[in-house]
Structures are given as structure tokens and as C-alpha cells.
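Structural overview
Listed below, chain by chain, are the residues.
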Amino acid sequence: MRRPIPEFGTPLRRTVVVLRRWWPEIVLGLGVVLAILGPVLRRGYLLRYDLVFVPDPPFGATVWGSGSELPRAVPSELLAVGLSQLLPADVAEKALLAGCLVLAAVGAARLAPVGHPLARVAAGLGYVWNPWVYGRLHLGQWAVAAGYAALPWAYAWVLGVLRRRSDGSDPADGAGPRRRSAVAGGLAVVLGGPAMVLAAVLTCAPALALARQWRAVVAGAATLVGLTAPWLLALTERGGGIDLDERGVAAFAARADTPFGVLGSVVTLGGVWSRHAVPVGRDQWPVALLALVLAGAAVWGFALTRRRWPSAAWWGLLVGAVLGTLIAAVPALPAGTAWMTALVEHVPLAGSVRDGTRLLAPLALLQAVGLGMLVESLLRTGARALTPLVAFAPVLLLPGLAWGLSGQLDTVRFPSEWADVRAVVNQDPVGGSLVSLPWSSFRAYRWGGNVPVLDPAARAFRRPVIGDQDVLVGRDRIRGESREADRVAAVLAAPGDPGPALRKLGVRYVLIQTDQPHAAEVENRFADADLIRRGPTLTLFCLSDGVSPHSSETVGIAPTLGYSVLGVTLLITLSYPAARRRCMLLSGTSCRRDRQ
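Parameters at a glance
- Residues numbered from 1 in each chain as written.
- Predicted model: local features only at pLDDT ≥ 70, side-chain atom pairs only at ≥ 80, totals over all residues.
- Heavy atoms only, no water.
- Helix = DSSP H or I, 4+ residues; strand = E, 2+ residues; numbered from the N terminus.
- Expected span 1.5 Å × (residues − 1).
- Bend = angle between axes of the 7 residues up to and from the residue.
- Buried < 20%, exposed > 50% of the residue type's maximum accessible area, 1.4 Å probe, protein only.
- Polar contact = N/O pair within 3.5 Å; in protein donor to acceptor, adjacent residues only side chain to side chain.
- Contact = heavy atoms within 4.5 Å.
- Pairing = 2+ DSSP bridges.
- Axes fitted to C-alpha atoms, helices over the stretch in contact; angles between N-to-C directions.
- Left-handed = near helix turned anticlockwise from the far one by under 90°.
- Nonpolar A, V, L, I, M, F, W, Y, C, P; charged D, E, K, R; others polar.
- 1 Å grid on protein atoms, 1.4 Å probe; cavity = no way out; pocket = protein on both sides within 12 Å on 5 of 7 lines; lining within 4 Å.
- Points joined across faces, edges and corners; volume = space filled by probe spheres on them.

What to know about helix α1 (residues 10-37)
Across its 28 residues, α1 extends only 35 Å between first and last C-alpha, which sits more than 12% below the 40 Å expected from 1.5 Å per residue. The largest bend along α1 reaches roughly 75° and is located at W22, with the proline P24 sitting one to four residues downstream. T10, W22, P24, E25, L28, G29, V32, V33, I36 and L37 are the residues of α1 that are buried.

Some details on the side chain of D90
Along the polypeptide, D90 turns up in helix α4 (residues 89-111). We classify D90 as buried; its relative accessible area is 2%. Here G44 takes part through its backbone nitrogen, which lies 2.9 Å from a polar atom of the side chain of D90. Every residue in contact with D90, bar those within four places of it in the chain, is listed here: R43, G44 and Y45.

A word on helix α5 (residues 117-128)
Given 3.6 residues per helical turn, the α-helix brings residues three or four places apart onto the same face. The end-to-end C-alpha separation of α5 is 17 Å, in line with the 16 Å expected for 12 residues at 1.5 Å each. Most of α5 sits inside the fold, with 11 of its 12 residues counted as buried. Residues of α5 that are buried include every one of L118, A119, R120, V121, A122, A123, G124, L125, G126, Y127 and V128, and no others.

Considerations on the pairing of strand β9 (residues 538-542)
For a regular strand, side-chain orientation follows a simple rule: the groups alternate between the two sheet faces. In terms of burial, β9 is a largely internal element, five of the five residues being buried. Going residue by residue along β9, you find L538, L540 and C542 tucked away on one face and T539 and F541 tucked away on the opposite face as well. Of the pairings in the sheet, the one linking strand β7 (residues 507-513) to β9 comprises five bridges and is antiparallel in character. Among the inter-strand pairings, Y509 is bridged to a residue of β9, identified as C542. Pairing between strand β8 (residues 530-534) and β9: four bridges, direction antiparallel. Pairing of L531 across the sheet is with F541, part of β9. In this antiparallel pair of consecutive strands, β8 and β9, the connection spans three residues.

Digging into the packing of α1 against α4
In the contact formed by α1 and α4, the axes pass within 9 Å of each other and the chain directions differ by 145°. Note on packing geometry: the crossing formed by α1 with α4 is right-handed. Residues R21, W22, E25, L28, G29, V32, V33, I36 and L37 of α1 lie in contact with α4, whose contacting residues are L97, A98, L101, V102, A105, V106, A109 and R110. Of the residues belonging to the contact of α1 with α4, the class tally is 13 nonpolar, one polar and three charged.

Structural notes on empty space enclosed by the protein
Throughout the structure, instances matching the rule amount to eight cavities of 30 Å³ or more. By volume, the largest cavity amounts to about 240 Å³. Lining the largest cavity are 18 residues, and of these W129, N130, P131, T268 and L294 lie nearest its centre. Among the elements of the structure, α14 (285-304), α17 (361-380) and α19 (393-397) are those that each provide at least two residues to the lining of the largest cavity. No other element matches α14, which puts five residues into the lining of the largest cavity.

Points about the environment of V344
For V344, the position within the fold is in helix α16 (residues 334-346). A relative accessible area of 9% places V344 in the buried class. Put simply, V344 and R354 are 10 residues apart on the chain and 8.3 Å apart in space, counted from C-alpha to C-alpha. Leave out the neighbours within four places in its chain, and V344 touches L244, V249, A350, G351 and R354.

Distances and angles like these do not, on their own, reveal function.
This is the structure we're talking about:
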């Protein structure tokens, strides 16, 4: 029997087919990355608020969630550090930021039930180019942006489930490949922490519940539990409750950044709690009015998708968007603040969504889909002259997002002495933690452009780093949640040499960043500590009598178990026959467009 001759041109033909089908999304993704990140794609680190990458990061306590702070960076820090082992850390940082923008734009463009290239571009552009994304980039919340980027892909899986039932086919048919795509999206959602997991639930669960797809609901819930196991178990390992500062509810509540108040701000995807993260011009009447008109037009466009989506999918996304908007807006009201405060006091993990504007992500997805549908409707009705204006209206209304947030983003280089100090501390086999001083959660470095940034020391060392966890929001100081930090703060507040008391707390090293305010006063207090190194910006002391029973590189049981559960979840979900992979979302199979 003659064997078939291998078709060596098949992969090339498939590539050509994909490029032919996806060229608007590919152009959009590249364009968005160049337009937003263009000036920072050169070598160097982006240091900005929560965005902290360091050279040659170790798999330290922050990665495993065993540090003094809440495990908010689990498992996102594992991805960041793991990718930094394959690429230079500054390149890995830019790759993650660019990946978030590309996945968000392409996902929304593929999700919208439209066929015209300009309509698909409008949907993707609307999902990426808005005040919500501006605020997260300004605050350096790349992991939250990753969760945001995953929502269109997760909802595409929901559409696939509902379409199989509406076609009269077996709901289990092809569930494997689509579930694999859902897991890929779910894993990115988990990077954003509890808030983005809740956003994904609000986005996907109502549609499945309305369609009575209980098997899919259970499967999705079980998958999310497996994917969130690393930070759930890391949180459990801390023991006891989480003592959150009640003042944080009002401090992180949505704020009015337009003349239309809080509600008008959140429906136009703004309202971020930080006044510094508000795009320039949002408080001007013409800009705010046009943004409100565009949001209303996008909602009207979403109404047109009811003819192209299953009824449960249409109503489900609408319900999720309304619920997310209410959760974001209610804490800004006096009664809502009291309600949210009570929720934070009695419900575990409720405090993680104090920044309710993160839950505007379902509304952003609804408006993006609606904007794409609106552009296609204008094309079909003959109003072609208006379509470019509507499609690129998000860019016209928010020019400040372009070119590194109008030049606010910039790359910097770490001083070489950071590597020298890191080498000394990381090579020490003796256990014990490191205290980073002066006592402040954020730094502003002259070599870093004086931009506020979280203390990089927490990510530079293998051993646990204890630093201030309090956050200043305006004039309010919001208390952190670290018990170790509270004990160290009490020691530092007492007069005299804090060294002996810190030794009793298991502290081995004290790092003083001498280019920060009040650093000289802090350094003079350590009279009996051993000076290891003094440089232009860093001074390192060793409390040599400190005793710790564990090595600085020890990983606890909870992180190991958590990542094991995550790995098993991925293995079970992805272990379907390879022959079915052609049905995956990435081939566009489950995002078929109705070209009526």
C-alpha cells in the first residue's frame, strides 16, 4: 500500500489562511502596541507605582506568597520571574505589557459578531483605548490588565457552549478544545487577582445560568478554583483573618472625573480612585459629553447584536455589565460606603475588590462589541463617511493614551550597586528576613525619574523582605495587612537602637536606601549592627546574632501544594486528543460570524 506523500506546503498554506482571516486583528495589535508603548520599547525598566521589575529576579518569597504582604502577586510574579529567566527582565516586562494589549484588542475584535475589517478594528480599539486601560497603565497594574485582556477569550468559550446547544448539537461535543481555550483565558484572568476573577464571573456566569448550562457552570467554577489555588492556599497559610483598614473603602471608591458625577464617570469607563491616573481633559464638558454620547451609541450598537448572539449570551453580558457598574458606583454613595465597609468586615477577600472600578471590565467588553456592531451597521446603511470617525473616536477622545501616556512612561536603569547588594544577601545560606528602610511603601528615585514606585527590594531578594505596607491616598494613610510589618513598625517607633529588637523578630539584614528622605537619621540609629556595604544609594547592615531555623530559600508546603493543584488542573483540562485542537478558539471556529 502506497503511503500518502507528505504535504510540506500545508503549514505554509495554513499560515496564509490565518493571515488572510486575521489581518485586521494583526494590524490592530501591532498598531496598538506601537502607539501606546512605542517610546519605551527600547532597553531599560519601566518603574511606575505597582509596575516593578528588577534585573535577574530570583524565585523569592514574593513569588510563592510567603512574604510579609498579602499574596497579591501570586501567581503573576511567577510568570514575570519565569519569563525573566528566559529573557532579560526588562524585555520580559515589555513583552508582558505588549501581550496584554494585543490579547485584549484581538480578543474583542474576534468576539464581536461582525465581518467587516473596520468594524472588527473598532471593537478591538474600543476595548483597549479607553480611560480604564489608561488608569491601569498609569498605576502600573499589568496583572490586572492581563485579567482584563482574558475576558473576551473567556466569553468566546461561553458563546461556543451556547451555540452548540442552540444548534441542537451535543453540548459535550468539542468541549475539550474550547475548554482548553477557556483555561488559557482563565489563567490570564487569575493573574489579575480576586477582583478580575470576580469580573470574569460577572461576565460569564449570568449567560450560562440563563441558558441553564449547569455543567458548564460547575466545570468553569472548578477550573477557576484550581487556577486560583496558589494564592488561595498562600492566603490560608497566613492563618487568621485579614484585618483591613475600613478607611480604604472610601479611599479606593470611584471618583467623579467628569462633570456628570460618579455615575457618568463609570459608564464612560472612568472613575479611578487616583486623581493622578485620570486622563487629561476628562473634566472638560465637550470631552465628557462626547464620551457619554459614544458610550450610549456603543450600548445601542450592543442592542443590535441580539439578532446575532444566542439570547442567553446577550442578556448574560448585559447583566454582568450592569452588576459590575453598580458594584463600582455604589461605594461612592454614603449608604454604599457603609454597606461595603460591613462587607469588608465580615466577608473574606471582599477587601480585595475595594477598587470597584476594576469591575467595569464587563461594561468595557459590552461597549467594545457594541462599537463594532455600530460601525458595521453604519457601513450597511450607506453612512460610510461616518464610520472612520466612529471607529477611531476612542483615540480622538483620549489622545493622552498614545506614545507612552503622552511621555509619562519612560525606561530607566538600575544602579549597579543593587546587583552587588543582591549578590551578598542572596548568597548567604543563613535564614532570616530583610527589613527595607526608610519605612515607606513607595519610593521615588532620582535615577528613576522621581516617579512613585513600590519598593523594589521585595522582588530583588530570595529571603522575605519586610517593608511598610501602608498606602497614602491623598491625605489618608490606609493601614496595610502585614502582621510582620506592624511588629517591625512598632520596633522602629521606639527610641534607641532597633537592632536588638529586630534580631528577636528573626531579621538578619537591614537595607537602608540612602537616596530617600530621612535615610541618614535611620542609618545613625543602628549603632551595633555590622556594616556589610555602604554605597552611593544603598547601605547594608547585618544583624549577625539573628537566628532563623529555616533557610532563606525554603518554600512552604502551601505554595508547593497550590502550584501543584494549578498544574494538575491544567494537565486535566488540556489532556484531550490533539486531533481536536483545530476547533480551538484561536482558529476562530467558535467565533463564527453571522453575515446576515
